[in-house]
Amino acid sequence: MGSTMNEQTQRIILAITGATGMLYVTALLDLLADQNVAVDAIISAAGSKVLGLEQDMVPEDLPNINRWFAVADFTAPPASGSARYDAMIILPCTVGTLGAVASGFSGNLIHRAADVTLKERRPLLLAVRETPLNRTHLNNMLALHDAGAIICPPMPSFYLHPADLATMARQFAGRICDQVGLHLHKLPRWQGIS
C-alpha cells in the first residue's frame, strides 16, 4: 500500500495498548479498508496479549495495516514531527498509557508518538478503557484535554439499535473516525424523530 499512496492519502497512527476492547480495533480497520487512509501501527506487548485473548489474533493478522513499528523503536517515523501524519488514535488506551502521555513521559514509541502528535497540534484520540475512574485518571484526562487531545472512552450507543457486538463496535469506530477528521459516508447516522 505504501508505494501506491497518492498525495491525497490520509496517514494515521494506530496505537494498540493492553486494555480490553480489541473488537473496536478490528471494527476500525474494517471501516478504513476501502478508504484513502494509510494506517501505520504500533502495539504494546500487553496489547498483543489482549488481542490474542479477545480476538484470537496476532498483530500480523490485523487487516489493512500499511506498516508496523516496534514499540521500542524511537527511530521510527512517528517519533518525529517531520513525519507527517494526519492523526493518532490510541485504541484501546490503558490508564498507564494515559498517565504517561499526560505527564510527557516517553517510555516507548506509543508515548513518544502521542507527545509528537500533541506538540504538532494534530488530532490525538485516546479511547481510554477503565472503570470506575479514580481521581488520578480524571486528572490525567483533564490534563490531556487541556493539551488538545480528544478523550473518547469506548461507550457504545444503543439508539440506532445495533443488532450485535460487531455492529455496536462499528458504530463506535465510526465516531472515532469523525473525531479525527476521517469522514466516512457509509455509516448510519441519527436522523431525528419524525
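Parameters and conventions
For every chain, the first residue of the written sequence is number 1, and numbering continues from 1 onward in sequence order. It should be noted that, the model being predicted, local features are given only for residues of pLDDT at least 70 and side-chain atom pairs only at 80 or more, the latter also being counted only at that level, while totals for whole chains, interfaces and linings use all residues. Hydrogens and water molecules were not included; the side-chain quantities draw on all heavy atoms of the structure. Residues enter patches when they are more than 30% accessible in relative terms and free of salt bridges; like-charged ones are connected within 9 Å and nonpolar ones (Val, Leu, Ile, Met, Phe, Trp, Tyr) within 5 Å. With residues, only the protein chains shown are counted as cover, and all accessible areas are computed by Shrake-Rupley using a 1.4 Å probe. The working definition used for a salt bridge is a side-chain nitrogen of Lys or Arg within 4 Å of a carboxyl oxygen of Asp or Glu. Numbered from the N terminus, helices here are DSSP runs of H or I no shorter than four residues, and strands are runs of E no shorter than two. Accessible area is worked out with a 1.4 Å probe on protein chains only. A residue is then buried under 20% of its type maximum, exposed over 50%, and partly exposed in between. Summary of the metric used: pLDDT quantifies the predictor's per-residue confidence within the range 0 to 100. Any two residues having at least one pair of non-hydrogen atoms within 4.5 Å are treated as being in contact. In short, DSSP must find at least two bridges between two strands for them to pair. Comment: axis = line fitted to C-alpha atoms, over the contacting stretch for helices; angle = value between 0 and 180 degrees taken between N-to-C directions. Should an angle fall under 35 degrees it is taken as roughly parallel, and over 145 as roughly antiparallel, whereas 65 to 115 is taken as roughly perpendicular and any remaining angle as oblique. By convention the crossing between two helices is left-handed if the near helix lies anticlockwise of the far one by an angle smaller than a right angle, and right-handed if it lies clockwise. Nonpolar residues are Ala, Val, Leu, Ile, Met, Phe, Trp, Tyr, Cys and Pro. Charged residues are Asp, Glu, Lys and Arg, and all others, Gly as well, are polar.

**Observations concerning a nonpolar patch on the surface**
Line of reasoning, step 1. Among the surface-exposed residues, Y159, W190 and I193 lie close enough to one another that they form a single nonpolar patch of about 410 Å² accessible area.
Line of reasoning, step 2. When you line up the elements, W190 lands in the segment after α6 (165-179).
Line of reasoning, step 3. Overall, W190 belongs to the partly exposed group, its relative accessible area being 49%.

**Some words on the confidence of the model for the chain**
Line of reasoning, step 1. On average, residues of the chain carry a pLDDT of 93, and 96% of them reach 70 or more.
Line of reasoning, step 2. For the stretch residues 1-5, pLDDT sits under 50, and the model shows six contacts to residues farther than four places along the chain or on other chains.

**Thoughts on the environment of A100**
Line of reasoning, step 1. Mapped onto the secondary structure, A100 falls in helix α3 (residues 95-103).
Line of reasoning, step 2. With relative accessibility at 8%, the residue A100 sits in the buried group.
Line of reasoning, step 3. Distance from A100 to P77, taken between C-alpha atoms, is 20 Å for residues 23 residues apart in sequence.
Line of reasoning, step 4. Residues contacting A100, with those up to four places away along its chain left out, are F105 and H111.

**Let's talk about the pairing of strand β4 (residues 87-93)**
Line of reasoning, step 1. A large share of β4 lies buried, amounting to seven of its seven residues.
Line of reasoning, step 2. In β4, alternate side chains face the same way, and those of A87, I89, L91 and C93 on one face and M88, I90 and P92 on the other are all buried.
Line of reasoning, step 3. Pairing between strand β1 (residues 10-16) and β4: four bridges, direction parallel. Bridged to I13 within β4 is M88.

**Section: the sheet that holds β1**
Line of reasoning, step 1. The six strands lie next to each other as β3-β2-β1-β4-β5-β6, forming an open sheet whose pairing is parallel. Looking along the sheet, the strands with just one partner apiece sit at the ends: β3 (67-69) and β6 (150-151).
Line of reasoning, step 2. Pairing geometry for β1 and strand β2 (residues 37-43), over seven bridges, is parallel. Residue I13 lies in a different strand from β2, and its bridge partner there is D40.

**A closer look at the packing of helix α1 (residues 22-31) against α6**
Line of reasoning, step 1. It is at 8 Å that the axes of α1 and α6 come closest, and there the two elements cross at 65°. What the angle tells us is that α1 and α6 run roughly perpendicular. Viewed along their axes, α1 and α6 form a crossing whose handedness is right-handed. In contact with L23, Y24, A27, L28 and L31 of α1, α6 contributes L165, M168, A169, R170, F172, A173, G174 and C177.
Line of reasoning, step 2. Across the contact of α1 with α6, the residue classes tally to 11 nonpolar, one polar and one charged.

**Notes on the packing of α3 against helix α4 (residues 109-119)**
For any two helices packed against each other, one specifies the crossing angle of their axes together with the interaxial distance.
Line of reasoning, step 1. The contact between α3 and α4 brings their axes to 9 Å, and the two run at 45°. Considering their axes alone, α3 and α4 lie oblique with respect to each other. Crossing geometry of α3 relative to α4 is assigned as right-handed. Between α3, through T97, A100 and V101, and α4, the contact on the second element is made entirely by I110, H111, A114 and L118.
Line of reasoning, step 2. The residue inventory of the contact of α3 with α4, partitioned by class, reads five nonpolar, two polar and no charged.

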